[in-house]
Amino acid sequence: MIALALLLVLQPPIERRQALTPGAGVKIFMPAGRVHLVGWDKDTLAVRGTVARGSTFYYGAYHGGVKVSVDPDSGSATLDVFVPRSSIVSIKAVTADIDATDVSGWFYGVSSRIHLAGTVRNLEAESISGDVTIAVTAPWVRARTGQGRLTVGGQADDVSATSINGAIDVTTGQLTRARVSTVNGNVRFAGDPGTQGLVDIDDYAGPVDLTLGAHMGGQCDITTVFGEIVSEIPSVRPVAGTSGRGQTLALSIGRGTAHITVRTFKGGVRVRGP
Amino acid sequence: MKREIDPPYDLWPGIRARIQARRGWRMIGPVVALAAAAALAFVIVRQTTPKATITQIEPTAVRTIVDSADASSDARVEQELLEELELRRGELRPETEAAVRASLQTIDSAIKELRTEMARRPNDPALAQLLAEAYAHKVDLMKLLANAS
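Counting of residues starts from 1 at the beginning of each chain's written sequence and follows it residue by residue. In the order they appear in the text, chains get letters beginning with A and ligands get numbers beginning with 1. In view of the model being predicted, local features appear only for residues whose pLDDT reaches at least 70, and side-chain atom pairs are presented and counted only at 80 or more, with totals across whole chains, interfaces and linings using the full set of residues.

> What is the right way to look at the overall build of chain A in this model?
Helical segments are the DSSP runs of H or I of at least four residues, strand segments are the runs of E of at least two, and each set is numbered from the N terminus. Along its length, chain A carries one helix and 25 strands. Based on the C-alpha atoms only, the size of chain A along its principal axes is roughly 70 × 35 × 30 Å. A residue is called partly exposed when the number of other C-beta atoms within 10 Å of its own lies between 12 and 20, exposed at 12 or fewer, and buried at 20 or more, with C-beta atoms placed from the backbone. Taken over 274 residues, chain A has a buried fraction of 51%. Relative to all contacts within chain A whose residues are 6 or more apart in sequence, the contacts with residues 24 or more apart total 43%. Here the contact rule is simple: place C-beta atoms from the backbone, and any two residues whose C-beta atoms are within 7 Å are in contact.

If you want it as C-alpha cells, here you go:
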C-alpha cells in the first residue's frame with residue numbers, strides 16, 4: 001500500500017554521474033524536500049534520488065562544474081549528492097532540509113534546517129527562519145540566521161555567528177577569532193580561545209551565558225548598558241558602570257593574551273569559570 | 001591384580017591446558033600492571049595540574065571592532081531593504097516576508113533605543129559598538145533577503 005502510494009507520488013529514481021576537475025563548482029537549487037551531501041575521496045560527482053511528481057529535475061554537467069536544480073519554485077525532491085572533497089558547493093533551498101558532511105561551500109535556506117558536519121575548508125551557512133547547526137573542523141565558519149537557532153561547535157580558527165532573533169550557541173574549540181552578534185537572541189558561549197584568541201560577543205537585548213574555556217589564558221571584559229551581570233566565580237564581582245547605569249566586570253584568567261569582550265544593552269550576562 | 005598401571009594414552013591435552021593457563025597469567029599480569037600505572041599517573045597529573053586562577057582586574061577600555069556607526073548609510077540600507085521587499089512581494093512566501101519584516105522591526109527598535117542613549121552618552125564605546133552592530137545586522141538582513149528569491 002505504501003509502495004503504491006509512493007509510486008503515485010514519486011517519479012522514477014534519478015542517477016547521474018560526472019567526473020570533475022579538482023576545485024570544480026557544484027550548484028544546487030532545491031526548493032523543498034531533503035538534500036543530503038557527502039564529500040568523498042573520488043573525483044566524481046554522483047546524484048541519486050527521487051523527484052516528486054509535478055516537479056522537474058534539471059541537470060547540467062561538464063568536468064569544470066555541475067548544476068542541479070528542481071523546478072518549479074515549489075518543487076520537491078529527495079537527493080543524495082556525493083561530491084569530491086575539493087569541490088565548492090553552492091546550495092540554495094527554500095524549505096528543503098540540508099544535511100552535509102565533509103562538504104565546503106555556501107549553504108542557504110529560507111526556512112530550511114541546515115546541518116553541517118565533518119572536515120571542510122570553509123563554510124558559509126545562512127537561513128532566514130530555519131535552524132542552522134554546524135559541527136565542523138574548518139579554518140573559518142560564517143553563519144547567519146534571522147529567527148532560527150544557530151549552533152556552532154567543532155573546531156575552527158575563525159568563527160562569525162550572527163542572528164537577529166535566533167539563539168546562538170557556540171562551543172567551538174581552538175578559536176583564534178570569533179564574532180558572536182545578535183539583536184535579541186539568547187547567547188550561550190562556551191568556546192575556547194586558548195591563550196591567544198580574540199572573542200567579541202554583542203547582544204542588544206538577549207541574555208548572554210558565558211563559560212570560560214578550560215584552556216583559556218587571558219582577559220575577559222563584560223560591559224552592559226542597562227543589564228545585570230551575575231558572576232558565578234567567587235573571586236570576581238561586577239561593579240556599577242561609570243555612568244551609574246549598567247555594570248562592568250573584568251577578570252584575568254591563567255596566562256596568555258586571549259581576550260573575550262562582551263557588550264550588551266539591556267540583556268543580562270552570566271559568567272562561569274571553566 | 002595388576003601391579004602396574006598403564007599411563008593414559010595421551011597426556012598432551014592436560015599438559016597443554018596447564019601451559020596455556022600459565023601463559024594466560026603471564027599475559028594478563030603486565031596488562032593489569034600497565035593499567036594500574038596509567039590510572040595512578042592520571043590521578044597524580046590531575047592533582048598536580050593547577051587550576052587556572054581567576055582574579056578581578058580593572059576594566060580596560062571597551063574594545064571596538066567597527067569604526068563608526070553611520071546613520072545616513074543606515075537610512076539608505078533600510079530604503080533598499082523595503083524596496084527589495086516590495087519588489088519581491090509576489091515571490092516571497094507570506095511567512096518569509098513576515099519573518100523579514102519582524103526582523104527589520106527588531107533591528108529598528110534596537111537602533112532607536114541605542115540612538116536615544118547615545119545622545120545622552122555620546123562617548124560610550126560600548127554603545128557605539130552596539131549601534132554599529134545593529135546597522136550591520138540590517139545589512140545582513142538585506143543580504144539574506146537578496147538570496148531568498
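> Can you walk me through the domain arrangement of chain A in this structure?
Many descriptions give the size of an interface as the accessible area lost when the pieces come together. For every domain, the bounds stem from an assignment made automatically or drawn from a database. Examined at the domain level, chain A breaks down into domain 1 (7-91) and domain 2 (113-274). Centre-to-centre, using C-alpha coordinates, domain 1 of chain A lies 35 Å away from domain 2 of chain A.

> Honestly, unusual backbone geometry in this entry has me stumped. Any pointers?
Generally, phi is negative for residues other than glycine and the peptide bonds are trans, each holding for most cases. Residues and elements named next belong to chain A. Not every positive phi belongs to a glycine, and Asp102 is a case in point at roughly 60°. Note on placement: Asp102 falls in the loop between β9 (97-101) and β10 (104-109). Residue classification places Asp102 among the partly exposed positions, given that 18 C-beta atoms sit within 10 Å. Positive phi, close to 55°, is recorded for Gln174, a residue that is not glycine. Given 16 C-beta atoms within a 10 Å radius, Gln174 is considered partly exposed.

> Got a minute to help me understand the pairing of strand β25 (residues 269-272) of chain A in this structure?
Along any regular strand, the residues point their side chains to alternate faces of the sheet. Residues and elements named next belong to chain A. With burial as the criterion, only one face of β25 is covered, namely that bearing Val269 and Val271; the residues Arg270 and Arg272 on the opposite face remain uncovered. Only when DSSP finds a minimum of two bridges between them are two strands counted as paired. Direction of pairing for strand β19 (residues 208-211) relative to β25: parallel, over a ladder of four bridges. Of the residues in β25, the one forming a bridge with Thr211 is Arg272. Two elements, strand β21 (residues 229-231) and β25, share three bridges in a ladder whose sense is parallel.

> Would you take a moment to explain the domain arrangement of chain B for this structure?
Splitting chain B by domain gives domain 1 (10-48) and domain 2 (71-146). Each of domain 1 of chain B and domain 2 of chain B has a C-alpha centre, and these two points are 68 Å apart.

> Help me understand the interface of chain B and chain A, please; the structure alone is not making it clear to me.
The interface of chain B with chain A comprises 34 residues on the first partner and 41 residues on the second. Mapped by element, the contributors of at least two residues to the side of chain B that touches chain A are β1 (54-56), α3 (94-120) and α4 (125-146) of chain B. Under the scheme applied, nonpolar residues are Ala, Val, Leu, Ile, Met, Phe, Trp, Tyr, Cys and Pro; charged residues are Asp, Glu, Lys and Arg; polar residues are all the others, including Gly. For the side of chain B that touches chain A, the class distribution of residues is 18 nonpolar, nine polar and seven charged. The sheet contact formed by strand β23 (residues 247-253) of chain A and β1(B) spans three bridges and is antiparallel. Bridging from a neighbouring strand, A:Ile253 pairs with B:Ile54 of β1(B).

> Would you mind going over the packing of α3(B) against α4(B) with me for this structure?
If you want to describe how two helices pack, look at the angle between their axes and the distance between the axes. Residues and elements named next belong to chain B. Where α3 contacts α4, the axes come no closer than 9 Å and their chain directions differ by 160°. Considered as vectors, α3 and α4 are oriented roughly antiparallel to each other. Two packed elements cross with a definite hand, and for α3 against α4 that hand is left-handed. In this structure, α3 uses Val100, Ser103, Leu104, Ile107, Ala110, Ile111, Leu114, Arg115, Glu117 and Met118 to contact α4, whose residues at the interface are Leu127, Leu130, Leu131, Ala134, His137, Lys138, Leu141 and Leu145. The residue makeup of the contact of α3 with α4, split by class, is 13 nonpolar, two polar and three charged. In this analysis, axes come from line fits to C-alpha atoms, helices being fitted only over the stretch in contact, and the angle between any two N-to-C directions falls in the range 0 to 180 degrees. An angle below 35 degrees is treated as roughly parallel, one above 145 as roughly antiparallel, one from 65 to 115 as roughly perpendicular, and anything else as oblique. By convention the crossing between two helices is left-handed if the near helix lies anticlockwise of the far one by an angle smaller than a right angle, and right-handed if it lies clockwise.

> Would you explain α3(B) in this entry?
Given 3.6 residues per turn, any residue in an α-helix points the same way as the ones three and four places further on. Along its 27 residues, α3(B) runs 40 Å from first to last C-alpha, staying within 8% of the 39 Å computed at 1.5 Å per residue. Taken residue by residue, α3(B) has B:Thr96, B:Ala99, B:Val100, B:Ser103, B:Leu104, B:Thr106, B:Ile107, B:Ala110, B:Ile111, B:Leu114 and B:Glu117 as its buried positions. By this rule the span expected of a helix is its residue count minus one, scaled by 1.5 Å.

> Would you explain the environment of A:Ile222 in this entry?
Residue and element names in this part refer to chain A. Inspection of the secondary structure puts Ile222 in strand β20 (residues 218-224). Spatially, the C-alpha atom of Ile222 lies 8.9 Å from that of Leu251, the residues being 29 residues apart in sequence. Discounting residues that sit within four places of it in the chain, Ile222 has contacts with Ile229, Thr248, Leu249, Val262, Val269 and Val271.

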